[in-house]
Amino acid sequence: TRVMGPAGFDVPEEKSAMHSAIALNPAGIIVYPPSNALAPVIDEAVKAGIPVVTVTGDVPSSKRTTFVGVDQHEVGVMGGEYLAKYLNGKGKVAALTITTQMFQDRLQGYIDTFKNYPGISIIAQGDTKGDFSTGTSVAKAILSAHPDLNAFICVDSVGAKSAVTAIREAGLTGKVAVMGMDRN
């Protein structure tokens, strides 16, 4: 067993790691693909006779063997329902996200859920680019532009850490809620 790949969100590095893994001719590859950009390299592995299993993120357009994970839209729906109850059905919300499909599916789950709560509106969205410094800057800008913000929805862990940092630095701890996702 060998673990390969970038420490952070870096699609070119993940592609490079997949090429390195294919060169080793392993019995199989398990990959967390954050975007469809990995479809060609997944197909390369399968063409070389290496089964590929995608986890958490999926690339259904690829020839991957199978997917193990959850419906990302449903994850957003569940988060949206929880936040709607927390906010008692009303509030101004900002979304921190990444532009890859998996995270957009989560965001769409929130958007679809909030249609059932006319008192909740998403008043701003920001792209963290999967980077803590960028995410913190984006969250600070949103807080500055929307001083009446009630909550951040963060569809990845970088967004949640960034929002919490921006809230703390603005002296708004306990005044702006954060709904975060993912383990780190």
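Scroll up to find the structure this text is about.
Rules used throughout
- Residues numbered from 1 in each chain as written.
- Predicted model: local features only at pLDDT ≥ 70, side-chain atom pairs only at ≥ 80, totals over all residues.
- Heavy atoms only, no water.
- Core = buried A, V, L, I, M, F, W, Y, C linked by side-chain atoms within 4.5 Å.
- Buried < 20%, exposed > 50% of the residue type's maximum accessible area, 1.4 Å probe, protein only.
- Helix = DSSP H or I, 4+ residues; strand = E, 2+ residues; numbered from the N terminus.
- Contact = heavy atoms within 4.5 Å.
- Polar contact = N/O pair within 3.5 Å; in protein donor to acceptor, adjacent residues only side chain to side chain.
- Pairing = 2+ DSSP bridges.
- Axes fitted to C-alpha atoms, helices over the stretch in contact; angles between N-to-C directions.

Peer 1: Help me understand the nonpolar core in this model?
Peer 2: Counting residues in hydrophobic clusters, the biggest one holds 19 residues, and the most contacted among them are Leu83, Val93, Tyr110, Phe114 and Ile153. Secondary structure elements with two or more residues in this core: helix H3 (72-86), strand E4 (90-97), helix H4 (101-114), strand E6 (151-154) and strand E7 (177-179). No other element matches H4, which puts five residues into this core. Beyond its immediate sequence surroundings of up to four residues, Phe114 is in contact with Gly80, Leu83, Val93, Ile120, Ile122 and Ile153. Grouped together as the second largest cluster of nonpolar side chains are 15 residues, Val138, Ala139, Ala166 and Val176 included.

Peer 1: Looking at this structure, I do not really get the side chain of Thr54. What am I missing?
Peer 2: On the secondary structure map, Thr54 appears in strand E2 (residues 52-55). A relative accessible area of 0% means that Thr54 is categorised as buried. A polar contact is formed between the side chain of Thr54 and the side chain of Asp58, at a distance of 2.9 Å.

Peer 1: Just checking my understanding: could you explain the sheet that holds strand E3 (residues 66-68) for this structure?
Peer 2: Pairing between sheet strands relies on hydrogen bonds along the backbone, with the strands arranged either parallel or antiparallel. Read across the open sheet, the three strands follow the order E1-E2-E3; overall the sheet is parallel. Only two strands of the sheet have a single neighbouring strand rather than two, namely strand E1 (29-31) and E3. Sheet twist, expressed as the average angle between the axes of neighbouring strands with direction ignored, equals 25°. Of the pairings in the sheet, the one linking E1 to E2 comprises three bridges and is parallel in character. Within E2, the residue paired with Ile29 across the bridge is Val52.

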